[in-house]
Amino acid sequence: MLRFSANLSMLYPQHAFLDRFAAAAADGFKGVEYVGAYDYPATQIADVLRENGLTQALFNLPVGDWVAGERGIACLPERRDEFRSSVDQAIGYAYETGCKQVNCLAGIAPSGADRDELETTLVSNLQFAAARFADAGIKLLLEPINTKDMPGYLINTTDHYEAIAARVGSDNLYLQYDFYHMQIMQGDLIRTLERLQPRIAHVQIADNPGRHEPGTGEINYANIFTALSRLGYAGWIGAEYRPSGDTSSSFGWVPE
Ligand SMILES: O=C(O)[C@@H](O)C(=O)CO
Ligand SMILES: [Mg+2]
């Protein structure tokens, strides 16, 4: 049985963030995810999850100054201490919300930066986070993101994820496989899913082009869902798209 989580960073834009939990529950979701909720006390997030009978499927490690354009700090040498204290913050939120997996955004390469130094910093920080998360019973995920939407982001393909994971050397570093990003970067979605399934802890869906709901673009999500069922994928499937219209009217893609 496929399980879908509502990505509250993208769905229900007409609602304030904390009101999106009830909206998702009203539409039948049992799980939610979002970039991060560190502006709210973890206990408040836990309360709103409980009030709406929702499971916290995923969130991210603190991503830096999102408004200023930061997309993670894990690869930035000068932010090492900040990254490492953010791991403890994320563990606190995961504990309060019962979340069992946290994604790490690698960060955007500053222009002119030494890429080897950025990758070495990322590897070292992921080794630290993977070990701390393992002790807390939390999976650490790393998501490749496409270069069109996030120019300069350090990790853009599953091959790059695999190279980084090999250097990290932890069985607690998993792949967050976002079909939208990977359609743009490499295609071959179902074969890649089959090959990397043992390392995939979370998948996310949106159509391309436009990053709207499935059925608005070129990706055959009926076949993707069939493949996920055939492979026995037991994780959450994150509905991470910008609704083309009203969110509650955008769920025609959900399998019966
Ligand atoms: O694909 C995305 O943009 C998200 O999964 C994410 O982690 C950054 O917002
Ligand atoms: Mg994603």
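Note that the structure is predicted; figures quoted are calculated from it, not measured. Along each chain, numbering runs from 1 in the same order as the chain's sequence is written. To label them, take the chains in the order written and letter them from A, then take the ligands in the order written and number them from 1. Since the coordinates come from a predicted model, pLDDT governs what is reported: local features require at least 70, and pairs of side-chain atoms require 80 or more to be given and counted, while whole-chain, interface and lining totals use all residues. Based on all heavy atoms of the structure, the side-chain values leave hydrogens and waters out of the count.

K.L.:
Residue-level account of the nonpolar core, with values.
P.N.:
In plain words, nonpolar cores are sets of buried Ala, Val, Leu, Ile, Met, Phe, Trp, Tyr and Cys residues tied together by side-chain atoms within 4.5 Å. For each residue, the accessible area found with a 1.4 Å probe, counting protein chains only, is set against the maximum for its type, and the residue is called buried under 20%, exposed over 50%, and partly exposed in between. Within the largest apolar cluster, 83 residues are counted, with the highest numbers of intra-cluster contacts made by Phe-21, Phe-179, Phe-225 and Leu-228. The helix count covers DSSP runs of H or I at least four residues long, the strand count covers runs of E at least two residues long, and both are numbered beginning at the N terminus. Broken down by element, the residue count for this core peaks at seven residues, all from helix α4 (residues 115-135). Any two residues having at least one pair of non-hydrogen atoms within 4.5 Å are treated as being in contact. Excluding anything up to four places from it in sequence, Phe-179 contacts Leu-189, Leu-193, Val-203, Gln-204, Ile-205, Ile-219, Tyr-221, Ile-224 and Leu-228.

K.L.:
Now, about the UniProt feature "domain: Xylose isomerase-like TIM barrel" (unreviewed entry) in the protein: what can you tell me, with residues and values included?
P.N.:
UniProt positions are given in the numbering used here, feature names are shortened, and annotations may be inferred rather than shown by experiment. The positions that UniProt labels "domain: Xylose isomerase-like TIM barrel" (unreviewed entry) are, in the present scheme, residues 21-245. Structurally, residues 21-245 is divided into 40% helix and 15% strand, and its ends, taken at the C-alpha atoms, are 19 Å apart.

K.L.:
Break down unusual backbone geometry for me, citing the residues and quoting the values.
P.N.:
The linkage connecting Asn-208 with the following residue, Pro-209, adopts the cis geometry, with an omega of 0°. Inspection of the secondary structure puts Pro-209 in the loop between β7 (200-205) and α8 (221-230). Located in the positive-phi region is Tyr-12, a residue other than glycine, with phi close to 60°. The class of Tyr-12 is buried, set by a relative accessible area of 1%. A positive phi angle, close to 55°, is found at Arg-211, a residue other than glycine. Summarising the element assignment, Arg-211 is placed in the loop between β7 and α8.

K.L.:
Can you lay out the packing of α4 against helix α5 (residues 158-168) for me, pointing to particular residues and giving the numbers?
P.N.:
The axes of two packed helices give the description: the angle between them and the distance between them. Close contact between α4 and α5 brings their axes to 9 Å; oriented N to C, the two are set at 60°. Taken as axis vectors, α4 and α5 run oblique relative to one another. Read as a crossing pair, α4 and α5 show a hand that is right-handed. Listed contacts from α5 to Arg-115, Glu-119, Thr-120, Leu-122, Val-123, Leu-126 and Gln-127 of α4 are His-160, Ile-164, Arg-167 and Val-168. All axes are obtained by fitting lines to C-alpha atoms, using only the stretch in contact for helices, and the reported angles, taken between N-to-C directions, cover 0 to 180 degrees. Relative orientations are named as follows: roughly parallel for angles under 35 degrees, roughly antiparallel for angles over 145 degrees, roughly perpendicular for angles from 65 to 115 degrees, and oblique for any other angle. In this scheme the handedness of a crossing depends on how the near helix is turned from the far one: anticlockwise by less than a right angle means left-handed, clockwise means right-handed.

K.L.:
Could you give an account of the state of the cysteines, naming the residues involved and the relevant values?
P.N.:
In this description, a disulfide is simply a cysteine sulfur pair whose atoms lie within 2.5 Å. Counted by the stated rule, this structure contains zero disulfides. Left unpaired, Cys-75 is separated from the closest cysteine sulfur, that of Cys-104, by 9.0 Å. Given a relative accessible area of 0%, Cys-75 falls into the buried group. Cys-99 carries a free sulfur, and the closest cysteine sulfur to it, the one in Cys-104, is 14 Å from it.

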